[in-house]
Every structure is written in structure tokens, then in C-alpha cells.
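Coordinates in review
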Amino acid sequence: MIHTGEKPYTCAHCGKAFSLEYNLNTHIRVHTGEKPFRCDYEGCGKTFTQSGNLKTHRRTNHSSTDNHKPEPKAEVTEETQKKNISFDSIMSRALSDFGKSLDF
């Protein structure tokens with residue numbers, strides 16, 4: 001059924017059709033609000049409709065050892081900002097010049 005294009009599983013709420021029953025069951029949570037995947041990290045308890053979203057949450061919020069604080073993000077220094085601005089202006093100019101050199 002996957003490669004035939006047939007979609008025999010239809011959502012009773014909105015009529016959207018699916019080729020796999022699993023995908024229909026996942027979709028129905030949009031309508032029911034069911035969130036069966038709970039973070040078991042102490043003091044968190046956040047819930048999710050899809051297991052992949054829980055995995056992402058755990059990785060980004062509970063991967064460090066200091067009481068589940070997210071990993072610090074890299075600071076953007078003034079020097080880095082200058083390099084980014086310089087690179088952006090160079091690329092912009094190069095693309096502009098490239099467009100002018102094309103003959104259509």
C-alpha cells in the first residue's frame with residue numbers, strides 16, 4: 001500500500017487520508033490533544049505527542065549534568081560579527097556582479 005498511492009486510513013475528524021494506520025494514529029493526536037510521551041527527568045514532566053519530540057527535548061534540555069540546564073550557546077563576539085558582516089557584504093557584491101555578467 002505504501003508504494004501504490006492507496007490511502008485506506010482516513011481521519012474521522014478532518015478527512016485526511018494515510019497509507020499507514022500508524023500515521024493516522026499519530027495524526028489523531030492533533031485533534032485529541034493526547035500527549036502520551038512524558039519526560040521522566042526529575043521535576044520536568046513535560047509531555048509530547050511524538051516520541052521524537054521527547055528525544056529532542058531530552059537532548060537539548062537534560063543532556064548536561066548541571067541540573068538539566070541547557071548547554072550554553074556560543075557567544076557572538078564583536079570580531080565574529082565583523083567577520084560575518086564582511087562575508088555577507090562580499091557575497092552580496094559577488095552575487096550582484098555575477099547577475100550583471102549574465103547575458104540573456
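Scope of this entry: the structure provided in the associated data block. (Residues numbered from 1 in each chain as written. Predicted model: local features only at pLDDT ≥ 70, side-chain atom pairs only at ≥ 80, totals over all residues. Heavy atoms only, no water.)

1. Some points on the pattern of salt bridges
A side chain of one charge can pair with a side chain of the opposite charge if their charged atoms are brought near each other. In the structure shown here, the tally under the stated rule is two salt bridges. With a shortest N-O distance of 3.7 Å, Arg29 and Glu34 are connected by a salt bridge. Here Arg29 falls in the buried class, since its relative accessible area comes to 18%. Between Arg58 and Asp40 there is a salt bridge whose closest N-O contact spans 3.6 Å. Of the two residues, Arg58 is situated in helix H2 (residues 51–61) and Asp40 in the loop between strand S3 (37–38) and strand S4 (47–48); the sequence distance between them amounts to 18 residues. Its relative accessible area of 65% is what places Asp40 among the exposed residues. (Salt bridge = Lys/Arg side-chain N within 4 Å of Asp/Glu carboxyl O. Buried < 20%, exposed > 50% of the residue type's maximum accessible area, 1.4 Å probe, protein only. Helix = DSSP H or I, 4+ residues; strand = E, 2+ residues; numbered from the N terminus.)

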